[in-house]
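Structural characterization, general
One letter stands for each residue in the lines below.
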Amino acid sequence: MTIISRLRLTHAEALLAFERENRAYFSASVPDRGDDYFTGFTARHREPATWAVRQICGVAVAECGLTALRAETTLDNAGSRAVLARTGFEPVEDVMFGARPGRRYVLDLRGDACPAR
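This next bit is on the overall build of the protein. Along the protein, the regular secondary structure elements total six helices and three strands. Start at the N end of the protein and walk to the C end: the helices and strands fall as α-α-α-α-α-β-α-β-β. Burial analysis of the protein (117 residues in total) assigns 23% to the buried set. Here the contacts in the protein between residues at least 6 apart in sequence split such that 52% fall between residues at least 24 apart. By element, 55% of the accessible surface of the protein is carried by carbon and sulfur atoms, the whole surface being about 8600 Å².

A few words now on the environment of Ala-43. Mapped onto the elements, Ala-43 comes out in helix H4 (residues 41-46). For Ala-43, a relative accessible area of 53% corresponds to the exposed category. Sequence spacing of Ala-43 and Ala-12 is 31 residues, and the spatial spacing of their C-alpha atoms is 9.6 Å.

Spatially, the three strands line up as an open sheet ordered E1-E3-E2, and their pairing is antiparallel. Where the open sheet ends on each side, the last strands, each with one partner, are strand E1 (68-74) and strand E2 (90-97). Put simply, the sheet's adjacent strands are angled 25° from each other on average, direction ignored. Bridge count between E2 and strand E3 (residues 100-108): seven bridges; the pairing is antiparallel. Bridging from a neighbouring strand, Met-96 pairs with Pro-101 of E3.

Before going further, it helps to spend a moment on the packing of aromatic side chains. Per the stated rule, a full pass over the model turns up four aromatic pairs. Centre to centre, the rings of Tyr-37 and Phe-41 are 5.7 Å apart; their planes meet at 70°, and the pair counts as edge-to-face. The exposure class assigned to Tyr-37 is buried, which follows from its relative accessible area of 16%. With relative accessibility at 4%, the residue Phe-41 sits in the buried group.

Thresholds applied
Residues numbered from 1 in each chain as written. Predicted model: local features only at pLDDT ≥ 70, side-chain atom pairs only at ≥ 80, totals over all residues. Heavy atoms only, no water. Helix = DSSP H or I, 4+ residues; strand = E, 2+ residues; numbered from the N terminus. Buried < 20%, exposed > 50% of the residue type's maximum accessible area, 1.4 Å probe, protein only. Contact = heavy atoms within 4.5 Å. Areas by Shrake-Rupley, 256 points an atom, 1.4 Å probe, with all protein chains shown as cover. Pairing = 2+ DSSP bridges. Axes fitted to C-alpha atoms, helices over the stretch in contact; angles between N-to-C directions. Phe/Tyr/Trp six-rings, centres within 6.5 Å; stacked < 30°, edge-to-face > 60°.

Remember, this is a structural readout, not a statement about activity or role.
Okay, structure coming up:
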């Protein structure tokens with residue numbers, strides 16, 4: 001039976017092994033991450049999810065020319081709401097995900113508040 005769970009620090013060793021074992025397979029369909037990805041894997045894995053949001057913001061500005069990003073999460077997802085707040089996303093309206101209340105956020109990528117700058 002397949003089980004889906006949140007990624008945790010204790011998963012680092014197994015995740016790195018999976019990445020290494022499947023590197024060639026992934027490289028056939030997406031650009032290879034390079035050796036540095038594997039060398040610095042453990043340290044990067046320990047960084048908060050905030051790092052990933054900052055990276056996405058940088059790509060959105062530099063490669064896609066976007067001026068804003070939108071995000072949505074349920075109100076019971078405290079981790080996602082904390083990451084959005086730390087990276088400058090502002091709440092704009094409440095939304096529903098089926099029967100679950102949520103919130104929509106926006107991040108202006110044009111100003112100095114942009115985490116990619």
